[in-house]
Amino acid sequence: MADIQEEKGRFYIIKENQTIAELIFEEEGSDMIITHTEVNLEDQGEGLATELVEYAVQYARENDVKIKPVCAFAEKVLSNDPKHQDVLKD
């Protein structure tokens, strides 16, 4: 698993002092709206974006928020796995 960093509105992964993957979100009340995930072209295929979405799920559970995925990738990951249903916004 990658070492995921946090800052307001963003989870990201750094390799060799460069951000190689990130998940961008907004928080509105008790909602976490995932708007974008991106992985550098040369680092794709390693599961980094999925790790970021899983990290967002953990964050949502710890902070008692619901996830509303606007990002198509995050929506696909979250809706295809029943174990994430507890954090999805109805």
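Everything numeric here is computed off the predicted structure, so don't read it as measured data.

Each value, and the rule that gives it
- Residues numbered from 1 in each chain as written.
- Predicted model: local features only at pLDDT ≥ 70, side-chain atom pairs only at ≥ 80, totals over all residues.
- Heavy atoms only, no water.
- Salt bridge = Lys/Arg side-chain N within 4 Å of Asp/Glu carboxyl O.
- Helix = DSSP H or I, 4+ residues; strand = E, 2+ residues; numbered from the N terminus.
- Buried < 20%, exposed > 50% of the residue type's maximum accessible area, 1.4 Å probe, protein only.
- Pairing = 2+ DSSP bridges.
- Axes fitted to C-alpha atoms, helices over the stretch in contact; angles between N-to-C directions.
- Contact = heavy atoms within 4.5 Å.

Caption draft 1: Region of interest: the pattern of salt bridges. Counted according to the given criterion, the structure contains six salt bridges. Between arginine 61 and aspartate 86 there is a salt bridge, and its shortest N-O distance comes to 2.8 Å. Of this pair, arginine 61 sits in helix H1 (residues 48–63) while aspartate 86 sits in the segment after helix H2 (72–79), and the two are 25 residues apart along the sequence. What makes arginine 61 partly exposed here is its relative accessible area of 43%. Through salt bridges with shared partners, a single ionic network connects Glu7, Arg10 and Glu22.

Caption draft 2: Expanded view of the sheet that holds strand S3 (residues 18–28). What the five strands build is an open sheet, ordered S1-S2-S3-S4-S5; its pairing is mixed. With one partner strand each, in any of the chains shown, strand S1 (4–7) and strand S5 (66–69) form the two edges of the open sheet. Put simply, the sheet's adjacent strands are angled 30 degrees from each other on average, direction ignored. Summarising the sheet, strand S2 (residues 10–15) and S3 pair through six bridges and their orientation is antiparallel. Paired with arginine 10 across the bridge in S3 is isoleucine 24. The strands touched by H1 are S1, S2, S3, strand S4 (31–39) and S5; relative to S3, the strand with the most contacts, the crossing angle is about 35 degrees. Packing of H2 onto the sheet brings it into contact with S4 and S5, and relative to S5 it is tilted by some 125 degrees.

Caption draft 3: Just the environment of alanine 56, in detail. The topology assignment puts alanine 56 in helix H1. Looking at alanine 56, the relative accessible area reads 0%, which means it is buried. Sequence-wise, alanine 56 and valine 87 are 31 residues apart; in three dimensions their C-alpha atoms are separated by 9.7 Å. What alanine 56 contacts, discounting residues up to four positions off in sequence, is Phe11, Leu23, Met32, Ile34 and Ile67.

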